[in-house]
Amino acid sequence: MLIDDHFNPRPTDIIVATSPKCGTTWLRALVFSIINRNSFDFNDHPLSKANPRDLVHFLEAHIRGDRSTVSIDGLLSPRLLSTHLPYSLFPKCMTDDASSACRFVYICRDPKDVLVSKWHFANKLRPKELPPLPLEEAFELFSNGVSHYGPFWDHVLGYWKASLEWPKKVLCLKYEDVKKEPSGCVRKVAEYLGVPFSPEEEKKGIVEEIVKLCSFESLSNQDVNKSDTRSRQNPMSNSDFFRKGEVGDWVNHLSPQMSEILDKITEQKFQGTGFSFH
Ligand code: A3P
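Overview of the structure. Along each chain, numbering runs from 1 in the same order as the chain's sequence is written. For this predicted model, a pLDDT threshold of at least 70 governs which residues receive local features, and a threshold of 80 or more governs which side-chain atom pairs are given and counted, while totals over whole chains, interfaces and linings are taken from all residues. Excluded from the side-chain calculation are hydrogens and water; included are all heavy atoms of the structure.

### What about the nonpolar core?
Nonpolar side chains in soluble globular proteins generally cluster together in the buried interior. The test is simple: Each nonpolar core is a collection of buried residues, namely Ala, Val, Leu, Ile, Met, Phe, Trp, Tyr and Cys, held together in the definition by side-chain atoms within 4.5 Å. Only protein chains enter the accessibility calculation, which uses a 1.4 Å probe. A residue is then buried if its area is under 20% of the maximum for its type, exposed if over 50%, and partly exposed in between. We count a stretch as a helix when DSSP gives it H or I for four or more residues in a row; a strand needs E for two or more, and each element gets its number in order from the N terminus. Contact criterion: two residues are considered in contact whenever any of their non-hydrogen atoms come within 4.5 Å of each other.
Formed by 44 residues in total, the largest nonpolar core has its most connected members in F90, F104 and Y159. Of all the secondary structure elements, the ones that give two or more residues to this core are β1 (14-18), α3 (59-64), β4 (103-108), α5 (111-125), α6 (135-143), α7 (152-165), β5 (170-174) and α14 (256-270). The dominant element in this core, judged by the number of residues it contributes, is α7, at seven residues. With residues near it in sequence (within four places) discarded, F104 still touches I15, Y87, F90, M94, Y159, K169, V170, L171 and Y192. Core analysis: the second largest hydrophobic core is formed by 36 residues, I14, W26, A29 and I34 among them.

### Thoughts on the site of the ligand
For clarity, the cut-off: Summary of the distance rule: residues count as near a molecule or strand when at least one heavy atom falls within 4 Å of that molecule or strand. Each polar contact in these results corresponds to two N or O atoms within 3.5 Å; when the atoms are within protein, one needs to be able to donate a hydrogen and the other to accept it, and residues that are neighboring in sequence are counted only if both atoms are side-chain atoms. Exposure was quantified through the Shrake-Rupley algorithm and a 1.4 Å probe, taking into account, for residues, occlusion by the shown protein chains and nothing else. When residue character is reported, Ala, Val, Leu, Ile, Met, Phe, Trp, Tyr, Cys and Pro are called nonpolar, Asp, Glu, Lys and Arg charged, and the others, Gly included, polar.
Every one of the 18 residues lining the ligand counts as a neighbour, but K21, T24, T25, S117 and K244 are closest to it. Separating an oxygen atom of the ligand from a side-chain N or O atom of R109 is a distance of 2.9 Å. Within the backbone of C214, a nitrogen or oxygen atom sits 2.8 Å from a nitrogen atom of the ligand. For the ligand, the accessible surface in isolation is 570 Å², of which the surrounding protein chains cover 98%. For the shell around the ligand, the secondary-structure elements that each account for two or more residues are α1 (24-35) and α12 (216-220). Its residues assigned to classes, the shell around the ligand shows eight nonpolar, six polar and four charged.

### Thoughts on the side chain of E176
Defined as follows: Note on charges: Lys and Arg go in the positive column, Asp and Glu in the negative column, and His and the chain ends are not counted at all. Salt bridge criterion: a side-chain nitrogen from Lys or Arg within 4 Å of a carboxyl oxygen from Asp or Glu.
By the element assignment, E176 lies in helix α8 (residues 175-180). Buried charge without a salt bridge: E176, with R109 as the nearest opposite-charge side chain at an N-O distance of 4.9 Å. Every residue in contact with E176, bar those within four places of it in the chain, is listed here: C108, R109, D110, V247 and F277.

### Some words on the pattern of salt bridges
A full pass over the atoms with the stated rule returns 10 salt bridges. R37 serves as the salt-bridge partner of E201, at 2.7 Å between the closest nitrogen and oxygen. Here the residue E201 occupies a position in helix α10 (residues 199-204), and R37 occupies one in the loop between α1 and α2 (52-55), the gap between them amounting to 164 residues. A single burial state applies to E201 and to R37, both of which are buried.

### Re the packing of aromatic side chains
The condition is simple: Only Phe, Tyr and Trp rings are paired, with Trp represented by its six-membered ring, and only when their centres lie within 6.5 Å; those with planes under 30 degrees apart are stacked, over 60 edge-to-face, the remainder tilted.
Scanning all chains against the criterion turns up 17 aromatic pairs. A centroid spacing of 5.6 Å and a plane angle of 85° characterise the contact between F152 and W153, whose relative ring orientation is edge-to-face. Owing to a relative accessible area of 1%, F152 belongs among the buried residues under this scheme. A ring pair is formed by W160 and F275, whose centres lie 5.2 Å apart and whose planes are at 65°; its orientation type is edge-to-face. Taken together, the residues W160 in helix α7 and F275 in the segment after α14 connect sequence positions 115 residues apart. Classification of W160 as buried rests on a relative accessible area of 17%.

Interpretation note: all reported values are geometric properties and have no functional meaning in isolation.
Here is the structure:
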């Protein structure tokens, strides 16, 4: 199935792109609140009533033709969309055309934390009648590149290389950097999207409001995100997208051997690319 057959890109599209468990929920919330900052009151914000996945349209749901999904063709421009698809799958008119103003904001994360997060998530979604997925099995799959949307490292490299070639088209963020310096990252995203914060907004503390609103503590404590309702149509509940939201939780789960193997793969894959997680 070709994405071109199911998606009519617009030059104004803003795409939040991630490999699963790298901070999709967080980035959706941040970009949504950055670009809509003049439309909503922070004390009565859509993010306090809806999960970020309900505010940012998921491209794959549209491509699959999910019945519950609003058609993205009817959305006003600029559209804010979200995807887990690798960069190479997007139409050339979006990725290789300097005249297209569409923007990709990508976030990646230390693969050891991604694995742990994926493993917990997989077990939350696993049918109750099955035994839990052992970490060893999740590790084997992940380290052999068996992941939804392709091997983790290739996914990162696709966007990273594109960000070097097309710096105006692709912005690459790291979960760890956003954790460390959220305000700086919010400013960077706003500038990249062509909507920098004005001196008046800075004075009013809008950047800090956005950081606070989208923080793990704030989002995970909204009633809407505490819901653990699942259905056949919607097998993931809002609460499934919030666990710990920390950097380095892998130390509590991975054996030294697992950690060493993942470090080696990461080193080999990223060698000579200029990309690293440290
Ligand atoms: P952990 O399982 O390590 O806690 P995704 O949104 O791509 O599915 O990623 C989910 C991961 O992001 C989970 O990581 C989740 O807890 C974390 N997360 C969700 N919202 C977050 C936020 N606002 N800030 C930081 N991390 C967040």
